[in-house]
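Understanding the architecture of this molecule
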Amino acid sequence: MKLKFLLLSMLVTVLTVNAQVFTEYFEGATVGGNLEGFNGWYVSPKAGDAYGVSPKIEEYPLFYTNYPGSNIGMAAVLDSAIGVTSSTQRISTKRVIFANNDTLKTGTTGAMYAAFMVNVSSHSYRSYRDFFTWEASTTSSFTRGRVFAKNNTEGTEVTFAVTKNSSTTADYDQANTGLLGLTLGTGVNHLLVLKYEIVDGADNDKIHLFVNPDPTKTEAEQTAKLSSSDSQTDYSATAAIKINLRQRAIGAQVSGIRVGRSWGEVVMGISTGVGSVNGNVHQIYTSGSN
């Protein structure tokens, strides 16, 4: 009996180590202080992306039912007045480093997921501007996976869009209330999940954006999904991946960032393994066998 418990304990330990999730909840940040300089966030080294001022820290986090990163820590605030023109845009970058000091790299198979909550201000721009991206450069800009938003004329509704790296509207896969059957209002908390899917071959990886998914369901059960495959070079397997918060005239609060290699780990909070127990502030449940 003792041997069985020991083997089970070792198995769970090994599988849990492999289930890595990077989180940025902005815990411990100074309210009203700069995001840059906190917890490894830094301004883009590319001159054209380093104008304006740093995003600020908001005291209260966002809430989204059943999302493991909900209602924890604080929020980063993007200013709608920053980045209206290219001479004021500001990109803040954070390297993804897991608890065991591994950096996130694309690999040759599988996928990368970045989930976060966002509340878009009614003052945001009325044309598409990207505000969250994957990043693989430390010296300039090499984004593959750009999340865009724009408000309607009244400022009451937001439309989200995604591309691999294109800024051409024809390449956008976009979603508003009418297309998704969701209520995508401004001033409302939304959950977005950006997925980088690695596809065998050259320069054909795909980008997906899930809009307001149900965190209690698997990826295959989600229905509100956007996809983009505009032709751009793929990430190198040797590149250390980062995330960008971009102030480009989209005013928004962002919180509860979770990054990893599986939907279950990042969105559902499920540890990889047989019979592993998951807990978050909303629910406790088991996955796998009894």
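Structure first, text after, so check above.
Notes on the structure in this doc start here. (Residues numbered from 1 in each chain as written. Predicted model: local features only at pLDDT ≥ 70, side-chain atom pairs only at ≥ 80, totals over all residues. Heavy atoms only, no water.)

Pairing in this open sheet of seven strands is antiparallel, and the strands run β2-β5-β14-β7-β8-β9-β10 from one edge to the other. Among the strands making up the open sheet, the edge pair consists of β2 (42-43) and β10 (173-175). For strand β8 (residues 146-151) and strand β9 (residues 158-163), the ladder comprises six bridges, and the chain directions are antiparallel. Bridge pairing in β9 places R146 opposite T163. (Pairing = 2+ DSSP bridges. Helix = DSSP H or I, 4+ residues; strand = E, 2+ residues; numbered from the N terminus.)

Another point: the pattern of salt bridges. Using the criterion set out here, one finds seven salt bridges in the structure. Among the salt bridges present, the one from K195 reaches E219, with a minimum N-O distance of 2.6 Å. Here E219 lies in the loop between β12 (206-211) and β13 (225-228) and K195 lies in strand β11 (residues 189-197), a separation of 24 residues in the sequence. Of the two residues examined, K195 and E219, each falls in the buried class. (Salt bridge = Lys/Arg side-chain N within 4 Å of Asp/Glu carboxyl O. Buried < 20%, exposed > 50% of the residue type's maximum accessible area, 1.4 Å probe, protein only.)

So, on to the nonpolar core. Ranked by size, the top nonpolar core spans 48 residues in total, and within it F26, F131, F132, W134 and F160 carry the most contacts. Looking at this core, the element that brings in the most residues is strand β6 (residues 111-120), giving five residues. Listed in part, the 15 residues of the second largest apolar core include L62, A111, F210 and V267. (Core = buried A, V, L, I, M, F, W, Y, C linked by side-chain atoms within 4.5 Å.)

On to the environment of T153, then. Its location among the elements puts T153 in the loop between β8 and β9. Residue class for T153 comes out exposed when judged on its relative accessible area of 68%. Sequence separation between T153 and R126 is 27 residues; the distance between their C-alpha atoms is 6.5 Å.

A few words on the pairing of β11. Taken across its nine residues, β11 has seven buried, putting it largely inside the fold. Judged from the nine bridges that link them, β6 and β11 form a sheet pairing that is antiparallel. Its bridge partner being in β11, M112 is matched across the sheet by Y196.

Let's shift gears to unusual backbone geometry. Although it is not a glycine, F26 sits at a positive phi angle of roughly 60 degrees. For F26, the position within the fold is in the loop between β1 (21-24) and β2. Classification of F26 by relative accessible area gives buried; the value is 0%.

Summarising the element assignment, M74 is placed in the loop between β3 (56-58) and β4 (75-78). When the C-alpha positions of M74 and Q253 are compared, they lie 9.6 Å apart, and in sequence the two are 179 residues distant. Excluding its chain neighbours within four sequence positions, the residues that come into contact with M74 are Y25, F26, A29, V31, I57, E58, E59, Y60, P61 and S255. (Contact = heavy atoms within 4.5 Å.)

Note that R144 resides in the loop between β7 (129-135) and β8. Within the buried set, R144 has no salt-bridge partner at all; the shortest N-O distance to an opposite charge, 6.4 Å, is to D234. Side-chain polar atoms of R144 contact the backbone oxygen of T233, separated by 2.6 Å. In contact with R144, not counting residues within four places along its chain, are W134, K164, N165, Y196, I207, Q232, T233 and Y235. (Lys, Arg positive; Asp, Glu negative; His and termini not counted. Polar contact = N/O pair within 3.5 Å; in protein donor to acceptor, adjacent residues only side chain to side chain.)

Below, the discussion takes up the packing of aromatic side chains. The tally for this structure, following the rule as stated, stands at nine aromatic pairs. Taking the centre distance of 4.8 Å and the plane angle of 65 degrees together, the rings of F210 and W263 count as edge-to-face. Separated by 53 residues along the polypeptide, F210 in strand β12 and W263 in helix α3 (residues 263-268) bring together distant segments of the chain. For the pair F210 and W263, one class covers both residues: buried. (Phe/Tyr/Trp six-rings, centres within 6.5 Å; stacked < 30°, edge-to-face > 60°.)

Moving on, we come to empty space enclosed by the protein. Inspection of every chain in the model, using the stated rule, returns two cavities of 30 Å³ or more. Along its surface, the largest cavity is lined by S44, P45, I91, T93, E135, S137, S140, S141 and N244. Of the residues contributing to the lining of the largest cavity, the split by class is two nonpolar, six polar and one charged. (1 Å grid on protein atoms, 1.4 Å probe; cavity = no way out; pocket = protein on both sides within 12 Å on 5 of 7 lines; lining within 4 Å. Points joined across faces, edges and corners; volume = space filled by probe spheres on them. Nonpolar A, V, L, I, M, F, W, Y, C, P; charged D, E, K, R; others polar.)

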